[in-house]
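Now for the letters of each chain:
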Amino acid sequence: MKRRSFVKGSLTAAGAGVLAQLPEKAAGQSAGSDRQTYRAWEVGPKGPFTTMRLVDRALTSAPQGHVQGEVAASGIAGRDRAITRGWFLQDKKPERIPLSEGVGTVTAVAPGVSRVAVGDRVTSIHFPRWVSGDWTPANYVADVGNTVDGWLTEVATLSQYGL
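Residues numbered from 1 in each chain as written. Predicted model: local features only at pLDDT ≥ 70, side-chain atom pairs only at ≥ 80, totals over all residues. Heavy atoms only, no water.

Sorry, what's going on with the nonpolar core here?
Nonpolar side chains in soluble globular proteins tend to be buried together. Judged by nonpolar contacts, the single largest core of 14 residues is most densely connected at Met52, Trp151, Leu152, Ala156 and Leu158. Mapped onto this core, the elements with two or more residues apiece are strand S1 (37-42) and strand S6 (155-159). Setting aside residues no more than four positions away along its own chain, Ala156 makes contact with Val67, Gln68, Gly69, Val71, Gly150 and Trp151. Counting 5 residues, the second-largest nonpolar core is a separate cluster that includes Val67, Val106, Val116 and Val122. (Core = buried A, V, L, I, M, F, W, Y, C linked by side-chain atoms within 4.5 Å. Buried < 20%, exposed > 50% of the residue type's maximum accessible area, 1.4 Å probe, protein only. Helix = DSSP H or I, 4+ residues; strand = E, 2+ residues; numbered from the N terminus. Contact = heavy atoms within 4.5 Å.)

Okay, here's the thing in structure tokens:
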């Protein structure tokens, strides 16, 4: 199943219209080293999935301790709906990339990355800084798809500790 079909099948009827703008990826197109831009969905104004917007972004290097990867699939959870509507903690900046669940292949690693390598297939956890110990609200500082960018994109940039 193609990613577009998977995501489109996961959306509610109201949200499905947003993907009508998304053209199919050309056969063989990937997040290779010659890529300079990528497409991503941004939360946009607070509201349902229909308020999200598809944008082109410049591909920049991942920050220290982070990896970049080509997204193969992403999933919508109930919390993602709450995040886009502004119901989850606080309102998000309109440029936030939503979705906390996804899988992909590492295409670049930044300095300081030791847990994964280019070519590894990965998924992430919601809270990459919560490695051990009791839960505290401080874990929301890095909450994938909520306080840091998530998986509704062609290229995701994520902390190595959440993979």
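I tried to follow the pattern of salt bridges on my own but got confused; where do I start?
Any two side chains of opposite charge can pair, so long as their charged atoms come close to each other. Summed over all chains, the structure comprises 7 salt bridges. Across the salt bridge formed by Glu154 and Arg39, the nearest N and O atoms sit 2.5 Å from each other. Placement of the pair is Glu154 in the loop between strand S5 (121-123) and S6 and Arg39 in strand S1, with a sequence separation of 115 residues. Taken together, the salt bridges that share partners define one network made up of Glu42, Arg53, Arg57, Arg96 and Asp149. (Salt bridge = Lys/Arg side-chain N within 4 Å of Asp/Glu carboxyl O.)

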